[in-house]
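Coordinate analysis (summary)
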Amino acid sequence: MEPGSRGAVPGGVSVSAVLPAGGSGERLGGVTPKQFCSVQGRPLVSYAVRAMERISWISDIIVVVSPENIETMKTIIEKYGHKRVTVVEGGITRHRSIFNGLKVFAENEFSSHLVQKPEVVIIHDAVRPFVEEDIVSKVVMAAKEHGAAGAIRPLVSTVIASAADGCLDHSLERARYRASEMPQAFLFDIIYEAYQQCTDYDLDYGTECLHLALKYCKAKAKLVEGTADLWKVTYKRDLYAAESIIKDNLSQQVCVITSGKETLAQVGFLLPESLKSQIKVEAISIPLSKNDSRLQSIISGQCYNFVCVNDKRCAIQEAQELVDMLEKSNIALLCPVVLILVHLDISENNSFSIGMEDLTTIKKFARETEKKNILVYGLLIHYKGEFWLLMVKIIRITIEIQV
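What counts and how
Residues numbered from 1 in each chain as written. Predicted model: local features only at pLDDT ≥ 70, side-chain atom pairs only at ≥ 80, totals over all residues. Heavy atoms only, no water. Phe/Tyr/Trp six-rings, centres within 6.5 Å; stacked < 30°, edge-to-face > 60°. Helix = DSSP H or I, 4+ residues; strand = E, 2+ residues; numbered from the N terminus. Buried < 20%, exposed > 50% of the residue type's maximum accessible area, 1.4 Å probe, protein only. Lys NZ or Arg CZ within 6 Å of the ring centre and 35° of its normal. Polar contact = N/O pair within 3.5 Å; in protein donor to acceptor, adjacent residues only side chain to side chain. Contact = heavy atoms within 4.5 Å. Core = buried A, V, L, I, M, F, W, Y, C linked by side-chain atoms within 4.5 Å. Lys, Arg positive; Asp, Glu negative; His and termini not counted. Salt bridge = Lys/Arg side-chain N within 4 Å of Asp/Glu carboxyl O. Pairing = 2+ DSSP bridges. pLDDT = per-residue confidence, 0-100. Axes fitted to C-alpha atoms, helices over the stretch in contact; angles between N-to-C directions. Parallel < 35°, antiparallel > 145°, perpendicular 65-115°, else oblique. Left-handed = near helix turned anticlockwise from the far one by under 90°. Arc of directions from axis to C-beta.

1. Observations regarding the packing of aromatic side chains
- Applying the stated criterion across every chain, the model contains six aromatic pairs.
- Pairing Phe188 with Tyr192 gives two aromatic rings, centres 5.4 Å apart and planes at 15 degrees, and the pair type is stacked. Here Phe188 pairs with Tyr192, and both are found in helix 5 (residues 188-197), just four residues apart, close to one helical turn. With respect to burial, Phe188 and Tyr192 carry one shared label: buried.
- Cluster of aromatic residues (ring-pair linked, three or more members): Phe99, Phe105, Phe188, Tyr192 and Tyr195.
- For Arg42, the ring lying beneath its charged end belongs to Tyr47, and the centroid distance is 5.7 Å.
- Over the ring of Phe99 we find Lys103, and its NZ or CZ is 4.4 Å from the ring centre.

2. Side note on the side chain of Ser16
- Checked against the element boundaries, Ser16 lands in strand 1 (residues 15-20).
- For Ser16, a relative accessible area of 2% gives the class buried.
- At 3.5 Å, the side chain of Ser16 and the backbone nitrogen of Asp60 are in polar contact.
- Those residues in contact with Ser16 that lie beyond four places of it in its chain are Ile58, Ser59, Asp60, Phe105, Pro118, Val120, Val121 and Ile122.

3. With respect to the nonpolar core
- Among the nonpolar cores identified, the biggest contains 39 residues, and Met73 and Ile122 are the most heavily contacted of them.
- Contributing elements (two or more residues each) for this core: strand 1, helix 1 (44-53), strand 4 (58-65), helix 2 (70-79), strand 5 (85-89), strand 6 (120-123), helix 4 (133-146) and strand 7 (148-154).
- Tallying contributions element by element places helix 4 first for this core, with six residues.
- Setting aside its immediate chain neighbours within four residues, Met73 contacts Phe36, Val45, Val49, Val63, Val65 and Val87.
- Counting 29 residues, the second-largest nonpolar core is a separate cluster that includes Ala148, Met182, Phe186 and Ile191.

4. As for the side chain of Arg84
- Locating Arg84 in the fold gives a position in the loop between helix 2 and strand 5.
- The charged side chain of Arg84 is buried without a salt bridge, its nearest counter-charge being Glu53 at 5.7 Å.
- Within the structure, Arg84 has its side chain in polar contact with the backbone oxygen of Glu53 (distance 3.1 Å).

5. Considering unusual backbone geometry
- Following Met182, the chain continues into Pro183 via a peptide bond in cis, with omega recorded as 10 degrees.
- As for its placement among the helices and strands, Pro183 is situated in strand 10 (residues 178-187).
- If you check the backbone angles, Lys218 has positive phi at about 55 degrees while not being a glycine.
- With a relative accessible area of 66%, Lys218 lands in the exposed category.
- For Asn373, which is not glycine, the phi torsion reads 70 degrees and is therefore positive.

6. Some thoughts on the pairing of strand 1
- Counted residue by residue, strand 1 has six buried out of six residues, so it is predominantly covered.
- Neither face of strand 1 is left uncovered, since the one carrying Val15, Ala17 and Leu19 and the one carrying Ser16, Val18 and Pro20 both have all their residues buried.
- Strand direction decides the pairing type here: strand 1 and strand 4, joined by five bridges, are parallel. Residue pairing across strands places Leu19 opposite Val63, the latter belonging to strand 4.

7. A few points about the confidence of the model for the protein
- Averaged over the protein, the pLDDT score is 81; the fraction of residues at 70 or greater is 74%.
- The secondary structure element of the protein with the lowest average pLDDT is helix 13 (residues 385-402), at 55, and the one with the highest is strand 6, at 98.
- Throughout residues 1-7 the model reports pLDDT below 50, and contacts reaching past four residues in sequence, or to other chains, amount to 20 contacts.

8. Side note on the packing of helix 3 (residues 94-103) against helix 5
- Close contact between helix 3 and helix 5 brings their axes to 10 Å; oriented N to C, the two are set at 130 degrees. One way to sum up the angle between helix 3 and helix 5 is to call them oblique. Here helix 3 and helix 5 pass one another in a crossing that is left-handed. Contacts between helix 3 and helix 5 involve His95, Ile98, Phe99, Leu102 and Lys103 from the first element and Phe188, Ile191, Tyr192, Tyr195 and Gln196 from the second.

9. Here we look at the sheet that holds strand 4
- What the seven strands build is an open sheet, ordered 5-4-1-6-10-7-11; its pairing is mixed. Bordering the open sheet on either side are strand 5 and strand 11 (222-225), each of which pairs with just one other strand. Taken over all neighbouring pairs, the strand axes of this sheet differ in orientation by 25 degrees on average, direction set aside.
- Here helix 1 sits on the sheet in contact with strand 1, strand 4, strand 5 and strand 6, set at roughly 160 degrees to strand 4.
- The sheet contacts of helix 7 (residues 209-217) involve strand 6, strand 7, strand 10 and strand 11, and relative to strand 10 the element is tilted by about 60 degrees.

10. What to know about helix 7
- Within the sequence span of helix 7, burial applies to Cys209, Leu210, Leu212, Ala213 and Tyr216. Along the axis of helix 7, the buried positions cluster into a sector of 160 degrees, meaning they face one direction only.
- The residue sitting at the N-terminus of helix 7 and contributing the capping side-chain oxygen is Glu208; that oxygen lies 3.0 Å from the backbone nitrogen of Leu210.
- Downstream of helix 7 by a residue or two, Lys218 has a phi angle that is positive, lying close to 55 degrees.

Next up, the structure:
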C-alpha cells in the first residue's frame, strides 16, 4: 500500500490524530521552541507530522500550536508538502491545546476548520518523531475495544517521594509501575466528553489524557507495551540523539532498480545480497516505473539511496523519471539523496568506454540534479568477477560518505 494514500483502516474504524505542538521548550533552553528546532535541516515537528502522514488510514492530522507560531507551522506544511493537516490555535497549557484540537471535529466555533468526526482519535506529541505504524495500530485497536489506550515503557529509574523537609519519604516498587508514553488513542466521544467535564485545575495542571478518560468517563485504558523509540525530545542533548538516529536510518536502505532483462535481473539479486552482507542495508530490486506502487512506497518511506542498473551507456531518460519522482516527494528537502547510475557492460569485449558526448550529458544531468539536493554518481562496470566486487565496494563507500 502506498503511504499517504487512503488505505485499509484497522478494524474498519475511522481515525484522525491530534498533535499538540504549543510548548515553549523551556527545558531545552534557547529561543526556538523544541518542536521547531532543526534536525538535519528539518523542523522536528515535520518528522512527527510525516510519521502520521505515512499511515494511510489516518484521515486528518490536527496540529495545535501557539498563536505566534501559526504562520510558522503553515509555512512548514507548505515547504515539506504535508497533506491532510489542519493547523489550530492552542491554549496556554497542554490540556487546553488538546481540547482545542478536539473541538475541530465537533464545535461550530471552529467551523472554518470543521472536519469529519472520527470514531477513534490519536493524541501524539509533536516532539516524538520516531513513532511507527505498528504501535499506532495496536493502540488504536485497543482504544476501539476499551475506549482508551496508551503506549507504556518500563521505568528506567526508581521513583521516590520526598518529605516536606527534603528527605526521603518513600519509594515506589519499580516493577509495578510504567512510564506513560505516546501515542495514546481514545474513542472520540469518550475523550471529548472527558475534556468537556474537566475543571480548570485539570486543564491548567494536568498532563495525562488517560487519567481524564478514567476520571470522567470511567474508561480504563488498555496499556500497550511500546518500543524504545517512543522517547520525547526534551533537552538539547535529545536533539543530537534524534539527529544521530535519523542519519543512521538514512544509510540503512538502498533501492536497487533494474530492468526485466535476465542478466540485469540477476544483478538485481546479487547486488542486494552483497550489500546486505557488508553494510547491513535493506535492498529491494524492482523495475523502474512511475506507476510502480512499490517504488512509490519506498520513496514515501524516505529511502535516500538508489542504484539504477542498466545496460544502456547513457540511460538519462530513465534516471530523469526517478529524479522527478524524488523531487515530487520532497524527501530531498530533508537530506541529500544518493543516485548511483550503473552502466553494466556484459559484452565479451575487454575494452569498454563511454563516449565524450554521453559523458557530457551525464555531467550536465548531475549538475542539474545537485541543485535539487540529489547527488548523481556514474559507474561503468564490465560484468566480470573483480569488477563486480569493485562495484559493490564503490557503492558501499558512496552511500556511507553521504551520511
